[in-house]
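# Structural overview
Given next are the chains, with one letter for each unit.
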Amino acid sequence: MTLHRSGGGRGGFLLLPLLLATLPAAAAEPEVKASFLPSWFSGDFGTGVDARIVTLPFSVSASFGKHELRATLPWLSVTTAEPVVLVGGEVVGRPDEVPAPQVPPLPGGPAGSEQEGETSVSGIGDLVVQYEHFFLEGDGRRPWLSGIARLKVPTADEEKGLGTGSADYGGGIGLSQPLGGRWSGFGSALYLVRGDAPGLDLRDTFWWSAGVQARLGERASIHVVYDDRQSSIRGREASRSAGLGFDRRIGDRATFRAALFAGLSETAEDLGASIGFSFGS
């Protein structure tokens, strides 16, 4: 059970300096990684309005021993027959009392993928900053256990429906457990406090995910993951989906990544895919 907190949007900004303060004052040179994983999702997401969402997220992370700080900033494109709002990755119908963005309809044509009457909005999405501290560093048998703090900075244009215009923040735990041989299990659980959004009565939400990974030799692996995200709208079904991913290391510092996604609830995507690269040791 979660409760809406009207002060969540403003209070979330206080979390960022706290995250930075937890990093060691005099750490060795950090291990830096970056990734670019373009993704595409399609469905009505429980809104009754067909939508196609393209996201081009760029992520960079820095690890300091047991500490890791990650920042992700996406570029978004949302194409729908009627305007929607993205609430921390959740797609919801636009409230009647909030004016729809004034964008021209996409041209229809027998050779094009756009349909007559559709509109498209695009722009920078919300910046997500996440800090992770590993309380327990595992090995071939023992698990890895971490604490997670997360902050969504409202950099997206709320007038276009690319965000709510308020900060979200929260925390949780992460777990990775070797299962013997080439197998390992992983999971995480997060509780997020939602900020205010015009015309929407948002509640705080609980997210969790779990999966297994199998190594295919020294350079490749596959994984399957189940994701369950409680809706920020009261009475709305949680978003549940499954994913199948493949990673292949290329050279010493690059990894090719690809994944397919399928929705398991009315509020999730029908289909999705991502493909891209990560860089770092």
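Residues numbered from 1 in each chain as written. Predicted model: local features only at pLDDT ≥ 70, side-chain atom pairs only at ≥ 80, totals over all residues. Heavy atoms only, no water.

## Looking at the nonpolar core
- Counting 12 residues, the largest nonpolar core is built from Phe41, Phe45, Ala51, Ile53, Leu76, Val78, Val84, Leu86, Val91, Val121, Ala156 and Leu162.
- Those elements that place two or more of their residues in this core are β3 (51–64), β4 (67–80) and β5 (84–87).
- Ignoring anything within four residues of it in the chain, the contact list for Phe45 reads Ala51, Ile53, Val91, Arg236, Glu266, Thr267, Ala268 and Glu269.
- Grouped together as the second largest cluster of nonpolar side chains are six residues, Val85, Val87, Val92 and Leu200 included. (Core = buried A, V, L, I, M, F, W, Y, C linked by side-chain atoms within 4.5 Å. Buried < 20%, exposed > 50% of the residue type's maximum accessible area, 1.4 Å probe, protein only. Helix = DSSP H or I, 4+ residues; strand = E, 2+ residues; numbered from the N terminus. Contact = heavy atoms within 4.5 Å.)

## Considering the pattern of salt bridges
- Taken as a whole, this structure holds 12 salt bridges when the rule is applied.
- Asp126 is paired through a salt bridge with Lys152; the nearest N and O atoms lie 3.6 Å apart. Of this pair, Asp126 sits in the loop between β7 (119–124) and β8 (127–136) while Lys152 sits in strand β9 (residues 144–153), and the two are 26 residues apart along the sequence. We note that Asp126, like Lys152, is buried.
- Linking Asp247 and Arg257 is a salt bridge whose minimum nitrogen-to-oxygen distance equals 2.6 Å. Taken as a pair, Asp247 in strand β14 (residues 239–250) and Arg257 in strand β15 (residues 254–263) lie far apart in primary sequence, 10 residues in all.
- Shared partners join several salt bridges into a network, and the residues in it are Asp126, Lys152, Asp168 and Arg194. (Salt bridge = Lys/Arg side-chain N within 4 Å of Asp/Glu carboxyl O.)

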